[in-house]
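# Residue-level structural notes
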Amino acid sequence: MDLFCTKYLRLMWLEFPQLISGLLKLTYLFSYCLLFLTSTLFYNASYAATNKPPPVEHSDLSPAQLLKQAETFRFIDQQKGIKLANKALQQADINGEALLCANAHNLLGDLNRRISDTNQSKYHFLQAADIYQSIDAEEQHILASVDYLHTLSTEGLHYQVEDKINDTISLAKEYGHPYPIAMALIVKGRSQYKLKQYDASIEQYSEALNYLTESDYKVQKERAETFTKIAESYKRLKDRTLIGTAYKSALDIYTKIQDHKSMARTLNALSEVERNLKNYKVALDYSLKSIDIQRSINDQIGLAKALSGAGIIYRFIGLYEKSLSFMYQSHLIYKQLNHTKGLAKTSNQMGLIYTRLHEYEQAKSFYNLTINLPEHQVETKTLASALRELAVIDIESEDYEDAKQKILRAHKIYQGQDDHLYESITARIIANIYHAQNDDEAAIIFYKRSLSLAMEAKDTLYQLKAQIPLAEVLIDRDIQQAIELLKSSLVLATTINSTTHMLHVYQELKKAEKAQHNYKAALSYAEKELALSKVIEKQKNDESLTLVKAKLYSHKKERELALLKEKTQRDALELAKKTSEVALSEQAQKIAELELSKNKYANTTLTALLIICLLTVLFIYRRFNYSRQLNKKLDQLATRDPLTNCYNRRALFNLMNEVFEGLTPNDEYCIVLVDIDHFKKVNDIHGHNIGDKVLCDIAEVLKNGIRKDDITVRYGGEEFCLTLAGTQPEQAMKIVEKIREKIELTAFNDIYVTCSFGVASVQFNATTPSELIHQADVALYKSKSLGRNKVTLWSSKMATQSSPD
């Protein structure tokens, strides 16, 4: 940190005259800001005084009054709200007031979700939905069902959401009111997003927009948030143009409803989009606007992110002093808030700036700051980035062993995250180290690994970055393979119009052909290299001009800001002199007229932009609709058994892997393996068609015998599996015994069959899904060995037994 402060003070000294001028201007502005803050604080104090929740004295209150009081604590004290809502629920239940009971359950579902108690949240939303349905309150029933499914989605139970949401959407459309339809579609879109079905999620969000047309604040805010979700889906698809389009639509709505916090954060997101498109002027404009709003609303985390974004843009256009200034401001905010993740990210960014300045010792000090933070509080990707950049610095100083140690650690982190793209980058850096140490055998292995990972990530640029150096190493070992790789690289470089890589390929092909004495071919490549060099030189000049324009624009914006501050100071002084209410009213009217004129122009422009966006989305939707429909069918086939419509083994293991990732020692979770006794005889005597009908009928009995949250899986042949979440072993045995009796007493096409059951619970210390299923299988085998038609719970005494093959 001391190194940074020394460097930063030196940079400040270089701009000392401008700093003195800025300080004088800020002094003039102080009086106006003081007036503004005083009035704001007075307003906030008045608002707080008039909006205090009523005292919690509820001994003589009716259930409706208790529920109204509980509502006031929804955002400020959820525990008090839960206490009041439970009291209201008890009284309403005693009085037989079904609607109030449902409303209390619904509020309790929301309050528990806000404190992350998902089990209670699910329970109350489900209760609310059932009661609303029983009293024909259709809209409330649909919205409570949507909230229940939303809570399932937050738990990662996306397959269960997919299983139930279509029925909710159909019910909402049958009911006909637009808002419930939209909310159901949004939940489906969110679930598909979590399942990485980004095209499908965009389709659901886009359809939801058609129903979010009312002008009230709640609907418009939901509409803006839906555009933001669309932007996030496009970000995953790496469609940067449509990301910006969606964010701009969201910004238009946030501006219209004056949601300043969301406006600022959307501006910051747009800045990042434009920065990635190298539209630095536009990106900087968005970023500075975001900073201004963040300062006015005192959103410290949002301000830190906006300052960091502006710092990155200044780094890209070569204004490193300004980049450091903005990044350091962001760093200080994160430090004041004790926000470790933000500290790590800004430390890495300042390390990058010093790397660009070739001041490697300062850069290393910031990367080491990230590494020395508590590891469990730092995002693993941020830690890996610091290690990767430190390794690159060590390579520059030819400290290859230290570089190798750091880059291997980063490589391991990316492997653990299954991040193929960054794993490809680190594999290539490892290969570069081995190549620099003249260990080309190891270098070739890692270049090939990097190439394979880049191909898995479907990133052409990083495929090129691995393939070209691999060909370089192979020229002296297998020249024909090297030439094939270089020609393939030339095709890839042409596809993405990467002139620098094309030039590199021409140079290597010239070298390879010359080594084979193919001087004519070598000369041809040399001519192409020369022609392309001229093109690249022109591109560099154009890029330099773009950067110069961005720098000039930056200075222009700063000058405009200074003039605006001076004008604000003068206006503030004039306004302070005017004491008459008439004068103040006239001034306010003029400001309102100017604001109205500005908004009218902005709305006209943004409306035209929105129309273009919608037309673009419609075009893309129609083009890809057919492939999406096929994908939906494939997803259905991939997770469902076509005969019984139960989930299949693949879906079971996906679900159980998700459950086991989130299990705690206090959680309850049971599974049941079911086997139809002597089912082969049914097929032999009555035929496979009747056998299939019996299988389907038994599947229905199993589904009806468990709760809505539990699932039924066809495990294979005549075997089924049931999952019972949040269920103790004793409860599971009671549930399964009822199912066994039901099957025993039921005639399936005039055929009586029985089933054997094996029950296992995570209480018996199973640490993986496979281990839990094995325990259930052993218990099932025990049921069969006892004469079949039994229910057996696994115990440690069975640990030495094994299931039959």
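Values in this document were obtained by computation on a predicted structure and should not be read as measured data. (Residues numbered from 1 in each chain as written. Predicted model: local features only at pLDDT ≥ 70, side-chain atom pairs only at ≥ 80, totals over all residues. Heavy atoms only, no water.)

Before going further, it helps to spend a moment on the overall build of the chain. Broken down by element type, the chain carries 32 helices and seven strands. Here the chain, with 805 residues, has 45% of them falling under the buried criterion. Partitioning the contacts of the chain with sequence separation of at least 6, the portion at a separation of at least 24 is 60%. Accessible area of the chain: about 42900 Å², with a carbon and sulfur share of 54%. (Helix = DSSP H or I, 4+ residues; strand = E, 2+ residues; numbered from the N terminus. Buried < 20%, exposed > 50% of the residue type's maximum accessible area, 1.4 Å probe, protein only. Contact = heavy atoms within 4.5 Å. Areas by Shrake-Rupley, 256 points an atom, 1.4 Å probe, with all protein chains shown as cover.)

Helix length check: helix H14 (residues 280-297), at 18 residues, gives a terminal C-alpha distance of 26 Å against a target of 26 Å (1.5 Å per residue), a fit within 8%. Within H14 the residues assigned to the buried category are Tyr280, Ala283, Leu284, Asp285, Tyr286, Ser287, Leu288, Ser290, Ile291, Ile293 and Gln294. At the exit of H14 stands Asn298, carrying a positive phi of roughly 60 degrees. (Expected span 1.5 Å × (residues − 1).)

With seven of seven residues buried, strand E6 (residues 755-761) lies mostly within the body of the structure. Burial along E6 is two-sided: Cys755, Phe757, Val759 and Ser761 facing one way and Ser756, Gly758 and Ala760 facing the other are all buried. As paired strands, strand E1 (residues 669-676) and E6 are joined by seven bridges and run antiparallel to one another. Looking across to E6, one finds that Val672 is bridged to Val759. Inspection of the sheet shows E6 paired to strand E7 (residues 791-793) by three bridges, in the parallel sense. In the strand pairing of E7, Phe757 is matched with Val791. (Pairing = 2+ DSSP bridges.)

As a further point, take a positive patch on the surface. A cluster of basic residues, Lys194, Lys196, Lys235 and Arg236, forms a positive patch at the surface. Within the secondary structure, Lys194 sits in helix H9 (residues 178-194). Residue Lys194 is classed as partly exposed on the basis of its relative accessible area of 48%. (Patch = residues over 30% accessible without salt bridge, like charges linked within 9 Å, V, L, I, M, F, W, Y side chains within 5 Å. Salt bridge = Lys/Arg side-chain N within 4 Å of Asp/Glu carboxyl O. Lys, Arg positive; Asp, Glu negative; His and termini not counted. Charge placed at Lys NZ, Arg CZ, Asp CG, Glu CD.)

What follows deals with the packing of helix H30 (residues 688-704) against helix H31 (residues 729-745). Any two packed helices are characterised by how steeply their axes cross, that is the angle between the axes, and by the distance between the axes. The geometry of H30 relative to H31 is characterised by a closest axis approach of 10 Å and an angle of 145 degrees between their N-to-C directions. The crossing of H30 and H31 is right-handed. Across the interface between the two elements, Ile698, Val701 and Leu702 from H30 touch Ile739, Lys742 and Ile743 from H31. Residue composition of the contact of H30 with H31, grouped by class: five nonpolar, no polar and one charged. (Axes fitted to C-alpha atoms, helices over the stretch in contact; angles between N-to-C directions. Left-handed = near helix turned anticlockwise from the far one by under 90°. Nonpolar A, V, L, I, M, F, W, Y, C, P; charged D, E, K, R; others polar.)

On to the packing of aromatic side chains. Taken as a whole, this structure holds eight aromatic pairs when the rule is applied. Consider the rings of Tyr354 and Phe366, whose centres lie 5.9 Å apart with planes at 10 degrees: the pair is stacked. Note that Tyr354 is positioned in helix H17 (residues 340-356) and Phe366 in helix H18 (residues 360-372), a separation of 12 residues in sequence. With a relative accessible area of 0%, Tyr354 lands in the buried category. Taking the ring centre of Tyr179 as reference, the NZ or CZ of Lys218 above it sits at 4.5 Å. Its end group placed over the ring of Tyr715, Arg649 keeps NZ or CZ at 4.1 Å from the ring centre. (Phe/Tyr/Trp six-rings, centres within 6.5 Å; stacked < 30°, edge-to-face > 60°. Lys NZ or Arg CZ within 6 Å of the ring centre and 35° of its normal.)

In this structure, Ile230, Met656, Ile671 and Leu772 are the most contacted members of the largest nonpolar core, which totals 76 residues. In terms of nonpolar packing, the next biggest core, distinct from the first, is built from 43 residues, Tyr434, Tyr462, Leu492 and Tyr525 among them. (Core = buried A, V, L, I, M, F, W, Y, C linked by side-chain atoms within 4.5 Å.)

Before going further, it helps to examine helix H15 (residues 300-316). In an α-helix, one turn spans 3.6 residues, which is why side chains three or four residues apart end up on the same side. The terminal C-alpha atoms of H15 lie 25 Å apart, and with 17 residues this matches the ideal 24 Å at 1.5 Å per residue to within 8%. Looking one or two residues past H15, Gly318 carries a phi angle of roughly 85 degrees, positive in sign.

Taken N-terminus to C-terminus, the directions of helix H7 (residues 138-154) and H9 make an angle of 15 degrees; their axes are 10 Å apart at the nearest point. When the axis of H7 is compared with that of H9, the two are roughly parallel. Relative to H9, the crossing made by H7 is left-handed. Contacts between H7 and H9 involve Glu139, Ile142, Leu143, Val146, Leu149, His150 and Ser153 from the first element and Tyr179, Pro180, Met183, Ala184, Val187, Arg190 and Ser191 from the second. Broken down by class, the residue content of the contact of H7 with H9 amounts to nine nonpolar, three polar and two charged. (Parallel < 35°, antiparallel > 145°, perpendicular 65-115°, else oblique.)

A word on the pattern of salt bridges. Applying the stated rule across the entire model yields 33 salt bridges. Between Glu401 and Lys404 there is a salt bridge, and its shortest N-O distance comes to 3.7 Å. Note that Glu401 and Lys404 are positioned in helix H20 (residues 400-417) at a spacing of three residues, about one turn of the helix. The buried category is assigned to Lys404, whose relative accessible area is 13%.

Now for the sheet that holds strand E3 (residues 719-725). Taken in spatial order, the five strands of this open sheet run E2-E3-E1-E6-E7, and their pairing is mixed. For this open sheet the edge positions go to strand E2 (711-716) and E7, each flanked by a neighbour on one side alone. With strand direction ignored, the average angle separating the axes of adjacent strands in the sheet is 20 degrees. Of the strands in this sheet, E1, E2 and E3 touch helix H28 (residues 649-661), which is tilted by about 125 degrees from E2. Strands E1, E3, E6 and E7 of the sheet are contacted by H31, whose axis makes an angle of about 170 degrees with E6.

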